[in-house]
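Here is how the chains run, residue by residue.
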Amino acid sequence: MRSGQVAVVGRANAGKSTLINVMVGEKIAIVSPKPQTTRDRILGILTTDDYQIAFIDTPGIYKADNLLNSVMQKTTQDSVADVDLVLFVMDAHEGISDNDRKLLSKYTALGVPTVLALTKTDIMTESLLISELKELAEEKVEIVPVSARKGRNIKELIKVIVDKLPEGDKLFSEDIISDRSEKFMISEIMREKILLKFDKEIPHGVAIIINEFRLSENGKTYRISLDIVCEKANHKAILIGKGGAAIKEVSSFARQDMEKFLGRKVFLTTYVKVKEDWRNSAFLMKEYGYGEEV
């Protein structure tokens, strides 16, 4: 049997979380078209009779512009330490930039086995893909073009990863698919819906705080109460919307996904609060579950 930990790294919005969700076969990490969606180190575990892969989903790599983003970048760097393999994810349809090449070289220089996954190949021409594969041929790394959305070449990517992992026993019990709690996933589902509904800066300045997460005595329903913390009063007004329409809509979408995830009916109560510039406050970041290393 082969088993090991795989750090999944790459630029922001390269498709890392979507790829992990597809490979594991469960929703482990939230996804959106916006960068900075993943804030935490999240473990997604794929187990079969022949292998176990512990994928470490990491925040996307980009220039940090506040304390929270700096902590996220440190999380990515720390996640690469002591792994068995690095899976570098590159958005193929955007073309290969000098920064992509530099980042790839940075990780291959670590001496850790590295695999390059070219993502989003379903939205690019075959000629462009061939051109990119030729351009990357000089890199000393195995390349697998994939489409997570279409499920294209996913099995081949897993096979390439498994072949590079060491032989050994399972690292986790076979019934575990993530190291994150249900409460964490509920907060992430809420944040995902905010990312999908609202534009620009508002979603990135939002934190989700779970106040109540309680299963009823009959085991049929969850009562969930949470705070949506934003950074400015005008952001609060946008999140709530005219007559509360915006918060009702985003809460309804979130509740549906929460019920699907928990397998039970959910009674959801949401509040919107303002904590100015919380992303630059080490104290508030720690209170909201970020930046323990600060």
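Going by the structure above, here's the rest.
Everything numeric here is computed off the predicted structure, so don't read it as measured data. (Residues numbered from 1 in each chain as written. Predicted model: local features only at pLDDT ≥ 70, side-chain atom pairs only at ≥ 80, totals over all residues. Heavy atoms only, no water.)

### Re the overall build of the protein
Moving on, step 1. The secondary structure content of the protein amounts to ten helices and nine strands.
Moving on, step 2. Residues counted as buried form 51% of the 294 residues belonging to the protein.
Moving on, step 3. Put simply, 71% of the contacts in the protein that link residues at least 6 apart link residues at least 24 apart. (Helix = DSSP H or I, 4+ residues; strand = E, 2+ residues; numbered from the N terminus. Buried < 20%, exposed > 50% of the residue type's maximum accessible area, 1.4 Å probe, protein only. Contact = heavy atoms within 4.5 Å.)

### Points about the sheet that holds strand β8 (residues 221-230)
Moving on, step 1. If you walk across this open sheet you meet the three strands as β7-β8-β9, and the pairing is mixed. The two strands at the open ends of the sheet, each matched to only one other strand, are β7 (207-215) and β9 (265-274). Taking each pair of neighbouring strands and ignoring which way they run, the sheet shows an average axis angle of 15°.
Moving on, step 2. Both β7 and β8 contribute to a ladder of eight bridges, which runs antiparallel. Considered in β8, the bridge of Arg-214 is made with Arg-223.
Moving on, step 3. Across the sheet, helix α6 (residues 182-197) touches β7, β8 and β9, and the angle it forms with β7 is around 130°.
Moving on, step 4. Contacts from helix α8 (residues 233-240) reach β8 and β9 within the one sheet, and its direction differs from that of β9 by about 155°. (Pairing = 2+ DSSP bridges. Axes fitted to C-alpha atoms, helices over the stretch in contact; angles between N-to-C directions.)

### Considering helix α1 (residues 16-24)
Moving on, step 1. Most of α1 sits out of view: seven of its nine residues are buried.
Moving on, step 2. Buried residues of α1: Lys-16, Ser-17, Leu-19, Ile-20, Asn-21, Met-23 and Val-24, and no others.
Moving on, step 3. Packed against the buried residues of α1 are β1 (2-9), β2 (42-47), β3 (51-57), β4 (85-91), β5 (114-119) and α5 (154-164).
Moving on, step 4. Positive phi appears at Gly-25, one or two residues downstream of α1, with a value of about 85°.

### Brief notes about the pattern of salt bridges
Moving on, step 1. Within the structure shown, the criterion is met by 19 salt bridges.
Moving on, step 2. Close ionic contact of Glu-142 with Lys-164 constitutes a salt bridge, the shortest N to O distance being 3.3 Å. With Glu-142 in strand β6 (residues 142-145) and Lys-164 in helix α5, the pair connects residues that are 22 residues apart, well separated along the chain.
Moving on, step 3. Taking the relative accessible area as the measure of exposure, Glu-142 reaches 37% and is therefore partly exposed.
Moving on, step 4. The salt bridge involving Asp-163 is made with Lys-159; its shortest N-O contact spans 3.2 Å. On the criterion of helical spacing, the pair formed by Asp-163 and Lys-159 is a turn pair, its members being four residues apart in helix α5.
Moving on, step 5. Relative accessible area serves as the criterion here: at 47%, Asp-163 is assigned to the partly exposed category.
Moving on, step 6. A cluster of three or more residues bridged by salt bridges with shared partners is formed by Lys-27, Glu-192, Lys-193 and Asp-257. (Salt bridge = Lys/Arg side-chain N within 4 Å of Asp/Glu carboxyl O.)

### What about the packing of α1 against α5?
Two numbers describe a pair of packed helices, the interaxial angle and the distance between the axes.
Moving on, step 1. One way to put it is that α1 packs onto α5 with a least axis distance of 10 Å and a crossing angle of 85°. Considered as vectors, α1 and α5 are oriented roughly perpendicular to each other. Contact residues: Leu-19, Val-22 and Met-23 in α1; Ile-154, Leu-157, Ile-158 and Ile-161 in α5.
Moving on, step 2. Residues belonging to the contact of α1 with α5 are distributed by class as follows: seven nonpolar, no polar and no charged. (Parallel < 35°, antiparallel > 145°, perpendicular 65-115°, else oblique. Nonpolar A, V, L, I, M, F, W, Y, C, P; charged D, E, K, R; others polar.)

### Thoughts on the sheet that holds β6
Moving on, step 1. Spatially, β2-β3-β1-β4-β5-β6 is the arrangement adopted by the six strands of the open sheet, whose pairing is mixed. The open sheet has two edge strands with one neighbour each: β2 and β6. Neighbour-to-neighbour, the strand axes of this sheet turn through a mean angle of 25°, independent of strand direction.
Moving on, step 2. Sheet contacts for helix α3 (residues 98-108): β1, β4 and β5; angle to β4, the most-contacted strand, approximately 175°.

### Re the environment of Arg-2
Moving on, step 1. Its location among the elements puts Arg-2 in strand β1.
Moving on, step 2. Arg-2 sits 51 residues away from Ile-53 along the chain, and the two C-alpha atoms are 8.3 Å apart.
Moving on, step 3. The contact partners of Arg-2, leaving out residues within four places of it in the chain, are Asp-50, Tyr-51, Gln-52, Val-162, Asp-163, Leu-165, Pro-166, Glu-167 and Gly-168.

### Description of the nonpolar core
One recurring pattern in soluble globular proteins is that nonpolar side chains are buried together.
Moving on, step 1. Formed by 31 residues in total, the largest nonpolar core has its most connected members in Leu-19, Ile-53, Phe-55, Leu-87 and Leu-157.
Moving on, step 2. With six residues, the single largest contributor to this core is α5.
Moving on, step 3. Not counting the four nearest positions on each side in its chain, Leu-19 is found in contact with Leu-87, Val-89, Ala-117, Thr-119, Val-146, Ala-148, Ile-154 and Leu-157.
Moving on, step 4. In terms of nonpolar packing, the next biggest core, distinct from the first, is built from 24 residues, Val-206, Ile-228, Leu-239 and Ile-247 among them. (Core = buried A, V, L, I, M, F, W, Y, C linked by side-chain atoms within 4.5 Å.)

### Observations concerning the environment of Ile-177
Moving on, step 1. The residue Ile-177 is located in the loop between α5 and α6 in this model.
Moving on, step 2. Spatially, the C-alpha atoms of Ile-177 and Lys-27 are 9.6 Å apart, while their sequence positions differ by 150 residues.
Moving on, step 3. Leave out the neighbours within four places in its chain, and Ile-177 touches Glu-26, Ile-28, Leu-43, Gly-44 and Ile-45.

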